Amino acid sequence: MGDLAQDLIPVVDLAASEPAEQATSELCKAFREVGFAYIKNHGIPEEKIEEAFAWILTHNQSRKFFDLPQSAKDKAPHPPEGWHHRGYSSIGREKVTHNLFDKNDLAQQRKVPDQKESYELGRENDDVMTNIWPPADTIPGFRDFFVEFYDVCNALETKLLRAIAVGLRLPADYFDACHRGRDNQLRLLHYPPFAAELLESGQADCIGAHSDFGTITLLFQDAVGGLEIEDQKNSGRFRPVPHIPGTIVVNIGDMLMRWTNDELRSTIHRVRTPSDTEVDPETGVRMTKRRYSIPFFIGADPSTVVDCVPTCHGPDRPKRYEPVTTAEYFNMRMNALY
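Owing to the predicted nature of the structure, the values given are computational and were not obtained by experimental measurement. (Residues numbered from 1 in each chain as written. Predicted model: local features only at pLDDT ≥ 70, side-chain atom pairs only at ≥ 80, totals over all residues. Heavy atoms only, no water.)

Enquirer: Would you explain the sheet that holds strand S4 (residues 117-121) in this entry?
Expert: Think of a sheet as strands paired side by side through backbone hydrogen bonds, with each pair either parallel or antiparallel. Spatial strand order, S1-S2-S10-S7-S14-S5-S4-S3: 8 strands in an open sheet with mixed pairing. The sheet terminates laterally at strand S1 (11-13) and strand S3 (87-89), the two strands that pair on one side only. Taken pair by pair, the neighbouring strands of this sheet meet at an average axis angle of 25°, ignoring direction. Examined bridge by bridge, S1 and strand S2 (residues 36-40) share 3 bridges and lie parallel to one another. When the bridges of S2 are listed, Asp13 appears paired with Lys40. Along the sheet, helix H3 (residues 46-54) contacts strand S7 (216-221) and strand S14 (291-298); its crossing angle with S14, the most-contacted strand, is approximately 115°. (Pairing = 2+ DSSP bridges. Helix = DSSP H or I, 4+ residues; strand = E, 2+ residues; numbered from the N terminus. Axes fitted to C-alpha atoms, helices over the stretch in contact; angles between N-to-C directions. Contact = heavy atoms within 4.5 Å.)

Listed below in structure tokens is the structure:
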């Protein structure tokens, strides 16, 4: 299997304060052909990314979020409703699926649990989907840091949306007005080790095959690997998206695919953490490797009506999708996960 980073997904340099014509062209070319790109010189300091990971690592020098006792993490519980995507979800709480909404189909999928735990947060001034923080004395400084990191990620949002607009032959600020609310989501993910045989036999999963359903996603990942995308030319075949130091992985979500009449691809992807080659001496079982990642999901304002942009349809190119609001689509997808 070839190295996907070199074979399919380009590395796009965003060094200029406003992406140059070449970078804009390369970015949209990648999103048309693959749906994914690596970006470098993106403006988020590497030390800030390292600090974000330091807050979630287990077995760190000081106890961080995922290393807290279960009872402490459970003090910031994800609500029962899928649409209120905030707070902590324990292993098996969420089951990621792709376009499954029938209760019987979902129940069948839940027999193969996702081996991950997560914590979700959004903007602090959201009165509908309020953040659910762990008590301050449980993990001092956690809230302050991630409120700041959320804003740091927001700064990259405008640059990417403008580059995409230009690449679609639209005014640079075309998407600005419907992303003013910064209705984004920062997700902290931990994939603990589990028996590799369960993953290989299909009895357990890390994150199942799915598409993201926002506008675009930024992904910060550790060096362990595990992210895989479906090969556009070979349906059902997945290829690795390894970590490249100094880059962020960016991919298209369903909303932008709908906006562009499928010109930009919301590619199916999954996570399957690599396995150790040797048996764990304590358990006598070959285990998967521990993995951490931090995706930042960029979404349009909830009331935004997503309809095909003018440069992506015409007399010989009809619209493929009916208009839908961001909130309607988000709630439909989220309620199927919990």
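After presenting the structure, the write-up continues.
Enquirer: Whenever I open this one, the pairing of S4 confuses me. Can you help?
Expert: Walk down a regular strand and you will see the side chains alternate between the two sheet faces. A large share of S4 lies buried, amounting to 5 of its 5 residues. Bridging between S3 and S4 involves 3 bridges; their strand directions are antiparallel. The residue of S4 that forms the bridge with Tyr88 is Tyr119. As judged from the 5 bridges shared by S4 and strand S5 (residues 185-191), these two strands associate in the antiparallel manner. By the bridge assignment, Glu120 is partnered in S5 with Arg187. (Buried < 20%, exposed > 50% of the residue type's maximum accessible area, 1.4 Å probe, protein only.)

Enquirer: Quick question: what am I supposed to make of the environment of Tyr329 here?
Expert: By secondary structure assignment, the location of Tyr329 is in helix H9 (residues 326-335). On the basis of relative accessible area, Tyr329 is assigned to the buried category, the value being 8%. In sequence terms Tyr329 and Phe213 are 116 residues apart; their C-alpha atoms lie 7.9 Å from each other. For Tyr329, the side chain forms a polar contact with the side chain of Asp254, separated by 2.6 Å. (Polar contact = N/O pair within 3.5 Å; in protein donor to acceptor, adjacent residues only side chain to side chain.)

Enquirer: Got a minute to help me understand the pairing of strand S10 (residues 247-252) in this structure?
Expert: Counting buried positions along S10 yields 6 of 6 residues, so the element is predominantly enclosed. Judged by which residues are buried, S10 turns out to be covered on both faces: Thr247, Val249 and Asn251 on one side and Ile248, Val250 and Ile252 on the other are all buried. Summarising the sheet, S2 and S10 pair through 5 bridges and their orientation is antiparallel. In the sheet register, Phe36 faces S10, and the bridge partner there is Asn251.

Enquirer: Explain the packing of H3 against helix H6 (residues 142-167) to me, please; I cannot follow it from the model alone.
Expert: When two helices pack together, their arrangement is given by the angle between the helix axes and by the axis-to-axis distance. Direction vectors running N to C along H3 and H6 enclose 140°, while the axes themselves pass 11 Å from each other. The orientation of H3 with respect to H6, classified from their angle, is oblique. H6 is crossed by H3, and the crossing has left-handed handedness. For the pair H3 and H6, contact is made by Lys48, Ile49, Glu51 and Ala52 and by Phe145, Phe146, Glu148 and Phe149, respectively. Along the lines of polarity and charge, the residues of the contact of H3 with H6 split into 5 nonpolar, no polar and 3 charged. (Parallel < 35°, antiparallel > 145°, perpendicular 65-115°, else oblique. Left-handed = near helix turned anticlockwise from the far one by under 90°. Nonpolar A, V, L, I, M, F, W, Y, C, P; charged D, E, K, R; others polar.)

Enquirer: For this particular structure, what's the right way to read the nonpolar core?
Expert: It is characteristic of soluble globular proteins that their nonpolar side chains tend to be buried jointly. With 68 residues, the main nonpolar core has Phe146 and Phe175 as its most contacted residues. Top element by residues in this core is H6. It accounts for 12 residues. The next biggest cluster of nonpolar side chains, apart from the first, holds 17 residues, and it includes Val34, Phe36, Leu189 and Leu227. (Core = buried A, V, L, I, M, F, W, Y, C linked by side-chain atoms within 4.5 Å.)

Enquirer: Looking at this model, I keep getting lost on unusual backbone geometry. Mind explaining?
Expert: Among all residues save glycine, negative phi is the norm, and among peptide bonds the norm is trans. Here Asn41, not a glycine, exhibits a phi torsion of approximately 50°, which is positive. Turning to its location among the elements, Asn41 is positioned in the loop between S2 and H3. Relative accessible area serves as the criterion here: at 44%, Asn41 is assigned to the partly exposed category. Unlike most non-glycine residues, Arg182 shows phi in positive territory, near 55°. The residue Arg182 is located in the loop between H6 and S5 in this model.

Enquirer: Please explain the packing of aromatic side chains as it appears in this structure.
Expert: How two aromatic rings sit relative to each other is given by the distance of their centres and the angle of their planes. Applying the stated criterion to the full structure yields 18 aromatic pairs. An angle of 20° between the planes, with centres 5.2 Å apart, marks the rings of Phe65 and Phe142 as stacked. In this pair, Phe65 is assigned in the loop between H3 and helix H4 (70-73) and Phe142 in helix H6, connecting sequence segments 77 residues apart. Residue classification places Phe65 among the buried positions, given a relative accessible area of 0%. Residues Phe146 and Phe149 carry aromatic rings whose centres are separated by 6.4 Å and whose planes lie at 90° to one another, so their mutual orientation is edge-to-face. With a gap of 3 residues between them, Phe146 and Phe149 both fall in helix H6, about one helical turn apart. Given a relative accessible area of 0%, Phe146 falls into the buried group. (Phe/Tyr/Trp six-rings, centres within 6.5 Å; stacked < 30°, edge-to-face > 60°.)

Enquirer: I would appreciate a short explanation of H3 in the present structure.
Expert: At 3.6 residues per turn, the α-helix brings residues three or four places apart onto the same side. Where H3 is concerned, the buried positions are Lys48, Ile49, Ala52 and Phe53. Buried residues of H3, seen end-on, are gathered within an arc of 140° and therefore sit on one face of the element. Opposite the buried face of H3, at more than 90 degrees from it, the exposed residues are Glu47 and Glu50. In this structure, the buried side of H3 is in contact with H6, S7 and S14. (Arc of directions from axis to C-beta.)

Fair warning: the whole summary comes from geometry, so function is off the table for now.
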